[in-house]
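Now for the letters of each chain:
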Amino acid sequence: MSLTEANQLLRAGILEGVRVVVADGSEGAPVAAAVADACTGLGARVCVLTAPDGGSPEPDEEAFEAAADQALAELEALDVLLIDGAALYAKHLPGGGRKALVRCLDEAWSITRAVATRGFIDRQSRGRIVYVAPAAAGAPAQETCHAEAARAALENLARTLSIEWARYGINPVTIAPGASTEPSELAALVAYLASPAGAYFSGCLLDLRGP
C-alpha cells in the first residue's frame, strides 16, 4: 500500500484542522515520516517531536516537558498523539534487547505524560493516543522476547489509560505491526484513527501480525 493509495482510502481534507504530534521523530525513523506525510496530505497540521536523549539511563523529565511545550506551542492545540514505540525501541537496540525494552517503555510513558497532560488534560480537551509497537517477528531470537514484551506493555498501557483517562475523553490504542507491515500501511491506519471514524476505538490492539 503506497502513500498515494493510503490517501485514496480517506476523503481529501478529512483531517483538516486536526493537530497531530508525531513522536519519536528521530532521524531515519520511517514510520514517523510516513505518518507525517499522510496526515499532512489529508489536511492535518503535524509537529514531529524527537525524544530527548541526554545519555542518562533515566529519562530527563524536564527535557520531555520542554519538548512537549515546544510542540504544542507550534500547533497551538492537540488532537492526536502518535508514539512510535518501534523507533524508540530500535534507537536503543545497539545496547541490547533488554535495554531497548526498558528505554522504549520509559520514553513512551514520558512522552505520553508530558504531551497528554499539557495537550489534553490541562486544556480539558478530548484526544487520541496511538502507540506503534516494535515488530517481534523477524528479529534475532535473543531479541524477540524483548520486542514482544514491549508490544505487550504498550498494549497494556493503552488499555489501562483508556480506563484511567476515559473521564478526560482520551482514547488510546496500540498497533502491532507484522514483519512485512510497511510504513505506508501504518500511516494509512494512523490517519484513519485520526479521522472522525477513529473515535470508535479505545483501549484496543489493532493487530497487523497476521494468523
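In the block above lies the structure referred to throughout.
To start, this report covers the structure provided alongside it. (Residues numbered from 1 in each chain as written. Predicted model: local features only at pLDDT ≥ 70, side-chain atom pairs only at ≥ 80, totals over all residues. Heavy atoms only, no water.)

Looking now at the packing of aromatic side chains. A full pass over the atoms with the stated rule returns three aromatic pairs. The interplanar angle of 90° and the centroid separation of 5.3 Å between the aromatic rings of Tyr200 and Phe201 together place this pair among those described as edge-to-face. Of the aromatic side chains, those joined through ring pairs into one cluster are Tyr192, Tyr200 and Phe201. (Phe/Tyr/Trp six-rings, centres within 6.5 Å; stacked < 30°, edge-to-face > 60°.)

Turning our eyes to something else, we now look at the pattern of salt bridges. Evaluation of the coordinates by the stated rule reveals 14 salt bridges. Across the salt bridge formed by Asp69 and Arg118, the nearest N and O atoms sit 2.7 Å from each other. In this pair, Asp69 is assigned in helix α3 (residues 61-75) and Arg118 in helix α5 (residues 97-121), connecting sequence segments 49 residues apart. Within the structure, one salt-bridge network assembled from shared partners comprises Glu148, Arg151, Glu155, Arg159, Asp207 and Arg209. (Salt bridge = Lys/Arg side-chain N within 4 Å of Asp/Glu carboxyl O. Helix = DSSP H or I, 4+ residues; strand = E, 2+ residues; numbered from the N terminus.)

Packing of α3 against α5 leaves a shortest axis separation of 9 Å and a crossing angle of 45°. Judged by the inter-axis angle, α3 sits oblique to α5. The way α3 lies across α5 gives a crossing that is right-handed. Between α3 and α5, the contacting residues are Glu61, Phe64, Glu65, Ala68, Asp69 and Leu72 on the first element and Glu107, Ser110, Ile111, Arg113, Ala114, Val115, Arg118 and Gly119 on the second. Per-class residue counts for the contact of α3 with α5 are six nonpolar, two polar and six charged. (Axes fitted to C-alpha atoms, helices over the stretch in contact; angles between N-to-C directions. Parallel < 35°, antiparallel > 145°, perpendicular 65-115°, else oblique. Left-handed = near helix turned anticlockwise from the far one by under 90°. Contact = heavy atoms within 4.5 Å. Nonpolar A, V, L, I, M, F, W, Y, C, P; charged D, E, K, R; others polar.)

Bringing the state of the cysteines into the picture now. A covalent bond between the sulfur atoms of two cysteines is referred to as a disulfide. Enumeration according to the criterion identifies zero disulfides in this entry. Not part of a disulfide, Cys39 finds its nearest cysteine sulfur in Cys47, a span of 13 Å. Note on Cys39: relative accessible area 1%, which makes it buried. The thiol sulfur of Cys104 is not disulfide-bonded, and the nearest other cysteine sulfur, from Cys145, lies at 14 Å. A relative accessible area of 0% means that Cys104 is categorised as buried. (Disulfide = S-S within 2.5 Å. Buried < 20%, exposed > 50% of the residue type's maximum accessible area, 1.4 Å probe, protein only.)

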